[in-house]
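# An overview of the molecular structure
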Amino acid sequence: MYKYLPDYIAEGILDINYKKLYEMGIRGLCFDIDNTLTEMYNDTIHNKAFTLIKDLQNMGFSLCISSNASKKRTALIAGRFGLEYVYRAFKPYKKGFDKVLLMLNLPANKCAMIGDQLFTDIKGGRKAGFLTILTKRINDHESWNVRLKRIFENKILIKYEKRIKEI
Ligand SMILES: [Mg+2]
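These remarks concern the structure in this document. The structure presented is a predicted model; accordingly, all values stated were derived computationally and were not measured.

What counts and what doesn't
- Residues numbered from 1 in each chain as written.
- Predicted model: local features only at pLDDT ≥ 70, side-chain atom pairs only at ≥ 80, totals over all residues.
- Heavy atoms only, no water.
- Helix = DSSP H or I, 4+ residues; strand = E, 2+ residues; numbered from the N terminus.
- Rg over C-alpha atoms; globule rule 2.2 N^0.38 Å.
- Areas by Shrake-Rupley, 256 points an atom, 1.4 Å probe, with all protein chains shown as cover.
- Lys, Arg positive; Asp, Glu negative; His and termini not counted.
- Charge placed at Lys NZ, Arg CZ, Asp CG, Glu CD.
- Donors = N, O, S within 2.8 Å, 3.2 Å for Na, K, Ca; no water.
- Contact = heavy atoms within 4.5 Å.
- Buried < 20%, exposed > 50% of the residue type's maximum accessible area, 1.4 Å probe, protein only.
- Salt bridge = Lys/Arg side-chain N within 4 Å of Asp/Glu carboxyl O.

From N to C terminus, the protein includes 6 helices and 7 strands. Reading the protein from its N terminus to its C terminus gives the helix and strand order β-α-β-α-β-α-β-α-β-α-β-α-β. Computed over its C-alpha atoms, the radius of gyration of the protein comes to 14 Å, within 12% of the 15 Å expected for a compact globule of 167 residues. By its C-alpha atoms, the protein is 40 × 35 × 30 Å across when sized along the principal axes. On the protein, roughly 9000 Å² of surface is accessible, and the fraction owed to carbon and sulfur atoms is 52%. Taking the average place of the 29 positive charges on the side chains of the protein and the average place of its 18 negative ones, the gap between the two points comes to 6 Å.

In structure tokens form, the structure reads like this:
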């Protein structure tokens, strides 16, 4: 069996049951940027995403952003939300997740990684001890290397889809 399946799956960031996450003891949320918080190659942020981030802060979550994107793009998007960030996080490697834990000031078992890619966000999050939530990509506008990874990702997800619960 493939080791790094997400704990949960959701349509998108607006569809996650954050109240349930809080009840489960999760206090820190780390969001991926591209195709999770925003469209890839697009700096526009939907108003609903801004509202969500504010609501989550009001619920008592600590939030941050972790992206494999450049400092420029990561800082731009994170800055609009007013969140701390890790750029060039090299997900799935552990180093970036360690930085996230320092920012959130929480142990990994109280943190959730939320992202759209199995081999970066989810694999890295699981290895680092986070709860992991895979969101469906916002759209198909992706780079060639991500599109290639999607072929393998889809095979795994189709095979194990029945074991992954929605949240
Ligand atoms: Mg992404």
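All right, on to the coordination of the magnesium ion then. Surrounding the magnesium ion are the protein donor atoms Asp32 (OD), Asp34 (O) and Asp116 (OD), which sit 2.1 to 2.2 Å from the metal. All donors of the magnesium ion come from a single chain, and their spacing in sequence reads D-x1-D-x81-D. Note that Asp34 is positioned in the loop between strand E2 (28-31) and helix H2 (47-59) and Asp116 in the loop between strand E5 (111-115) and helix H5 (118-127), a separation of 82 residues in sequence.

Attention now goes to the environment of Phe130. Checked against the element boundaries, Phe130 lands in the loop between H5 and strand E6 (131-135). Residues Phe130 and Ile33, 97 residues apart in the sequence, show an inter-C-alpha distance of 17 Å. The residues contacting Phe130, other than those within four sequence positions of it, are Asp7, Phe97, Val100, Leu101, Ala108, Cys111, Ala112, Met113 and Gly125.

You can call Asp34 buried: its relative accessible area is 13%. Residues in contact with Asp34, not counting those within four places in the same chain, are Glu39, Met40, Tyr41, Ser67, Ala69, Arg73 and Asp116.

What follows concerns the environment of Gly60. With respect to the element layout, Gly60 can be found in the loop between H2 and strand E3 (62-66). Sequence-wise, Gly60 and Gly28 are 32 residues apart; in three dimensions their C-alpha atoms are separated by 8.9 Å. Those residues in contact with Gly60, other than ones at most four positions away along the chain, are Tyr22 and Arg27.

Below, the discussion takes up the pattern of salt bridges. In the structure shown here, the tally under the stated rule is 12 salt bridges. Asp32 is the partner of Lys91 in a salt bridge, and the nearest nitrogen-oxygen pair spans 3.0 Å. Of this pair, Lys91 sits in the loop between strand E4 (84-86) and helix H4 (94-104) while Asp32 sits in the loop between E2 and H2; the two residues are 59 residues apart in sequence, bridging distant segments of the chain. Two residues, Asp43 and Arg73, come together in a salt bridge whose shortest N-O distance is 2.8 Å. Placement of Asp43 in the loop between E2 and H2 and of Arg73 in helix H3 (residues 71-81) is noted, with a sequence separation of 30 residues between them. The class of Asp43 is partly exposed, set by a relative accessible area of 35%. Owing to a relative accessible area of 14%, Arg73 belongs among the buried residues under this scheme. Counted as one network, the salt bridges with shared partners bring together Asp116, Arg137, Asp140, Glu142, Arg150 and Glu153.

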